[in-house]
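Commentary on secondary and tertiary structure
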Amino acid sequence: CWGPEWPGLLLLFQIQQTGSLDKVVSWTHEFPYAHQLWVGQFLGFLNIYDPDYAKAVYSRGDPKAPDFYDFFLQWIGKGLLVLQGPKWFQHRKLLTPGFHYDVLKPYVALFAESTRIMLDKWEKKAREQKSFDIYSDVGHMALDSLMKCTFGKGTSGLNDRDNNYYLSVEELTLLMQQRIYSFQYHNDFIYFLTPHGRRFLRACQVAHDHTDQVIRERKAALQDEKERERIQSKRHLDFLDILLGARDEEGIKLSDEDLRAEVDTFMFEGHDTTTSAISWVLYCMSLYPEHQRRCREEIQEILGDRDTLKWDDLAEMTYLTMCIKESFRLYPPVPQVYRQLSQPVNFVDGRSLPEGSLISLHIYALHRNSTVWPDPEVFNPLRFSPENVAGRHSFAFIPFSAGPRNCIGQQFAMAEVKVVTALCLLRFEFAPDPSRLPIKMPQLVLRSKNGIHLHLKPLGPGSEK
Ligand code: HEM
């Protein structure tokens, strides 16, 4: 149990409720730095939302809290997200080249292709002149892109087996979220007897069979010299090519089990997060027409007469990047991350925690902490101008977490968010629907209980790129 130096008490069932995120923010005034968070009687976390506190824990490589991350194992296995110790280090080193910008560059065209399919769909919906929920369409688009980047195919090139995989990833994501927030489902034995648990197992089977088969086929193809040459001279490598080619200093490669875990981790981490990110960025754009207009003008200027985006364009989208960051501050796609201390920690104010303590880093509350961010509720992209960023605490803005266990996919994610948002802004003007404003809900990623309903006004063929 916690000592008296750790005040405050919030129960997890309060956390799940809508409005709970802002409740934690209000607690930052009452309990600077941290407060206790209890899941039932026996499981207590220290909820932290101060940059120095975050740095004290997250600059170290403490393991993930098993009470939270073990729910992921059945599906994504021991991939980078849940691994720890030397094996995590080995995998992180092997996978890092997969996120080199030379690998990411050609993905711009893949992101654009998936986005165009979504925008064509939106063109039809917009004709009805009613607001509609963009979240699930963004989700389809993000998964489609990711399948292209991981396996070299998207919905356009999907066979029945791939389609089933696609559906099972969607189902697994949803079921896992429901499980984490339903205490009655926490026990494996009970969960797998319920209809939800059985659906989860069936979907896991489909996902694992698909990943295994794609790996087998790709490996078989590599045995064939001609095919190997074809793959090596491919216009771009997909993530599976990188994983299959990865070797450590001793020439040791990933086992089949490790390969599957990394592919499944990538598929899970890589689409739900970007779906949340893009949806909230578009929501912010809709709320602030002035910023929306400036971003659109910036993109039009960068493109000039061209009609396709290139990797180098992304670095020039400075205003859009600031708006994306400000959206990530107010609506962090991953609102909380958890650790279990492998050794005691001493915080700057003299308080300490023993080994074994559970920590929840509340990114949402940190990003709205008024001692860190003046007028935290105000959307002001200029917070991310170079002058304003200089001198800011390195743990004040951490949508991708920070320290050794930060997000390996952040460049991939930023590239995708920029491409998708830029193309959306060229095709449509976005406005909110005041009668259906989103209700924030933390479910692994930041979602909205009632979807994200926006009005879309087509900008006409002249502005389409
Ligand atoms: C805007 C989109 C994204 C956000 C906000 C985000 C955020 C995060 C955060 C906060 C963590 C730390 C998780 C923890 O400590 O439990 C993380 C880890 C991770 N992310 Fe992302 N992520 C995004 C996109 C992606 C993408 C696109 C990929 C892959 C393609 C990816 C792959 C991973 C992996 C593999 C880890 C575990 C890294 C490790 O522990 O070494 N993420 N991400």
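Residues numbered from 1 in each chain as written. Predicted model: local features only at pLDDT ≥ 70, side-chain atom pairs only at ≥ 80, totals over all residues. Heavy atoms only, no water.

**With respect to the packing of aromatic side chains**
Inspection of the entire model under this criterion finds 34 aromatic pairs. Centroid distance tyrosine 53 to phenylalanine 347: 3.9 Å. Interplanar angle 0°. Geometry classified as stacked. One end of the pair, tyrosine 53, is in helix H3 (residues 51–58); the other, phenylalanine 347, is in the loop between strand S6 (345–346) and strand S7 (352–353), and 294 residues separate them in sequence. Accessibility classification places tyrosine 53 together with phenylalanine 347 in one group, the buried group. Ring plane angle 85° and centroid distance 5.7 Å describe the contact between tryptophan 280 and tyrosine 283, whose orientation is recorded as edge-to-face. Of this pair, tryptophan 280 and tyrosine 283 both sit in helix H15 (residues 256–287), 3 residues apart, which is roughly one turn of that helix. Here tryptophan 280 matches tyrosine 283 in class, with each residue buried. Of the aromatic side chains, those joined through ring pairs into one cluster are Phe45, Phe68, Tyr69, Phe72, Trp75, Phe268 and Tyr338. Lying across the ring of tryptophan 373, arginine 329 places its NZ or CZ 5.2 Å from the centre. The ring of phenylalanine 384 has arginine 392 lying over it, and the distance from NZ or CZ to the ring centre is 5.4 Å. (Phe/Tyr/Trp six-rings, centres within 6.5 Å; stacked < 30°, edge-to-face > 60°. Helix = DSSP H or I, 4+ residues; strand = E, 2+ residues; numbered from the N terminus. Buried < 20%, exposed > 50% of the residue type's maximum accessible area, 1.4 Å probe, protein only. Lys NZ or Arg CZ within 6 Å of the ring centre and 35° of its normal.)

**Regarding the nonpolar core**
Phe72, Trp75 and Trp122 are the most contacted members of the largest nonpolar core, which has 148 residues in total. In terms of residue count, the dominant contributor to this core is H15 (13 residues). In this structure tryptophan 75 touches Val169, Leu172, Thr173, Met176, Phe200, Cys204, Ala207, His208, Asp264 and Phe268, once residues within four positions along its chain are discounted. (Core = buried A, V, L, I, M, F, W, Y, C linked by side-chain atoms within 4.5 Å. Contact = heavy atoms within 4.5 Å.)

**A look at the UniProt feature "binding site: heme" (unreviewed entry) in the chain**
Under the present numbering, the feature "binding site: heme" (unreviewed entry) in UniProt falls on Cys407. With respect to the element layout, cysteine 407 can be found in the loop between helix H20 (386–389) and helix H21 (410–427). A relative accessible area of 25% places cysteine 407 in the partly exposed class. Those residues in contact with cysteine 407 that sit more than four places away from it in its chain are Arg92 and Phe400. (UniProt positions renumbered as here; feature names shortened; annotations may be inferred.)

**Thoughts on the sheet that holds strand S4 (residues 132–133)**
As a general point, the strands of a sheet are linked pairwise by backbone hydrogen bonds and lie either parallel or antiparallel. Taking strand neighbours across the sheet as the criterion, the 3 strands line up as S4-S12-S9 in an open arrangement whose pairing is antiparallel. If you trace the sheet from one side to the other, it starts and ends with S4 and strand S9 (428–432), each paired once. Sheet topology places S4 next to strand S12 (residues 453–458); 2 bridges connect them, and they run antiparallel. Looking at S12, one finds that aspartate 133 is bridged to histidine 453. Of the strands in this sheet, S9 and S12 touch H21, which is tilted by about 95° from S9. (Pairing = 2+ DSSP bridges. Axes fitted to C-alpha atoms, helices over the stretch in contact; angles between N-to-C directions.)

**Examining the environment of glutamate 297**
Residue position: glutamate 297 is located in helix H16 (residues 289–303). Between the C-alpha atom of glutamate 297 and that of tyrosine 69, which follows or precedes it by 228 residues, the distance is 43 Å. Within the local environment of glutamate 297, its side chain forms a polar contact with the side chain of arginine 293, the two groups lying 2.7 Å apart. (Polar contact = N/O pair within 3.5 Å; in protein donor to acceptor, adjacent residues only side chain to side chain.)

**Thoughts on the pattern of salt bridges**
For the coordinates displayed, the defined rule picks out 24 salt bridges. Arginine 218 is the salt-bridge partner of aspartate 238, the closest N and O atoms lying 3.0 Å from each other. One end of the pair, aspartate 238, is in the loop between helix H13 (225–232) and helix H14 (239–245); the other, arginine 218, is in helix H12 (residues 195–223), and 20 residues separate them in sequence. On the basis of relative accessible area, arginine 218 is assigned to the buried category, the value being 12%. Between arginine 383 and glutamate 326 there is a salt bridge whose closest N-O contact spans 3.0 Å. Linking arginine 383 in the loop between helix H19 (363–367) and H20 with glutamate 326 in helix H18 (residues 318–330), this pair joins segments that are 57 residues apart in sequence. In this structure, arginine 383 and glutamate 326 share a single accessibility class: buried. Residues joined in a network through salt bridges with shared partners are Glu113, Asp144 and Lys148. (Salt bridge = Lys/Arg side-chain N within 4 Å of Asp/Glu carboxyl O.)

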